[in-house]
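Residue-level structural notes
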Amino acid sequence: MTPDKLNNGYLWFYDKFYSAKSILKRLPDDKHKRMVYLLFNFVYRKYGKLTEMISKVIPLQLIGKMISKLCYDADKAA
């Protein structure tokens, strides 16, 4: 296998694995884990470039605190 074929295969797999349909198909049964799962898969994995651009304006530490509050405060309310 050439390096180009390996890279193209990786990119193909990544696109399929992190497609919206695939992400939703793997949605956890535990409703308390869903918010973290969706944020990680959509914000970090699928739209990582957008997240990277946002992090140039808003520090990652602040983003992490906001996401933590969103995810874990929602669990407490449930």
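Residues numbered from 1 in each chain as written. Predicted model: local features only at pLDDT ≥ 70, side-chain atom pairs only at ≥ 80, totals over all residues. Heavy atoms only, no water.

What about the overall build of the protein?
Defined as follows: Secondary structure follows DSSP: runs of H or I at least 4 residues long count as helices, runs of E at least 2 residues long count as strands, and numbering of each begins at the N terminus. Note on contacts: a residue pair is in contact if any heavy atoms of the two residues lie within 4.5 Å. Per-residue and other accessible areas were derived by the Shrake-Rupley procedure at a 1.4 Å probe size, with only the shown protein chains allowed to occlude residues.
If you tally the helices and strands in the protein, you get five helices and zero strands. N-terminal to C-terminal, the α/β element order of the protein is α-α-α-α-α. With respect to the three principal axes, the spread of C-alpha positions in the protein is 50 × 35 × 15 Å. For the protein, contacts bridging at least 24 residues in sequence account for 37% of all contacts bridging at least 6. Taken as a whole, the protein presents about 6,500 Å² of accessible surface, with 65% of it coming from carbon and sulfur.

A word on helix α3 (residues 31-46)
Our working rule: Residue count minus one, scaled by 1.5 Å, sets the expected span of a helix. Exposed residues in this analysis have more than 50% of their type's maximum accessible area, buried residues have under 20%, and partly exposed residues fall in between, with area computed by a 1.4 Å probe over protein chains only. Whenever a nitrogen or oxygen atom comes within 3.5 Å of another N or O atom, the pair is scored as a polar contact, on the condition that within protein one atom can donate a hydrogen and the other can accept it, and that pairs from neighbouring residues in sequence are kept only if both atoms are in side chains.
Across its 16 residues, α3 extends 21 Å between first and last C-alpha, which sits within 8% of the 22 Å expected from 1.5 Å per residue. Buried within α3 are the following residues: Y37, L39 and N41. For α3, the N-terminal capping position is held by D30, with its side-chain oxygen 2.9 Å away from the main-chain nitrogen of H32.

Concerning the confidence of the model for the protein
Which entries qualify depends on this criterion: Each residue gets a pLDDT score, which is the predictor's confidence in that residue and runs from 0 to 100.
On average, the protein scores 84 in pLDDT, and the residues at 70 or more come to 92%. Taking the mean pLDDT of every element in the protein, the minimum, 74, falls on helix α5 (residues 60-77) and the maximum, 94, on helix α1 (residues 3-17).

What about the packing of aromatic side chains?
To be explicit about the condition: To pair, rings of Phe, Tyr and Trp, with the six-membered ring standing in for Trp, must have centres within 6.5 Å; the planes then decide the type, stacked if under 30 degrees apart, edge-to-face if over 60, and tilted in the middle. Over a ring means this: the NZ of a Lys or the CZ of an Arg is within 6 Å of the ring centre and within 35 degrees of the ring normal.
Scanning the model with the defined rule gives four aromatic pairs in all. A centroid spacing of 5.9 Å and a plane angle of 45° characterise the contact between Y10 and Y14, whose relative ring orientation is tilted. Of this pair, Y10 and Y14 both sit in helix α1, four residues apart, which is roughly one turn of the helix. Of the residues examined, Y14 reaches a relative accessible area of 23% and is grouped as partly exposed. Ring geometry for F13 against F17: centres 5.5 Å apart, planes inclined by 20°, an arrangement best described as stacked. Here the residue F13 and the residue F17 both occupy positions in helix α1, the gap between them amounting to four residues, near one helical turn. The partly exposed category is assigned to F13, whose relative accessible area is 47%. In this arrangement the basic side chain of R26 is found over the ring face of F17, its NZ or CZ atom lying 3.8 Å from the centre.

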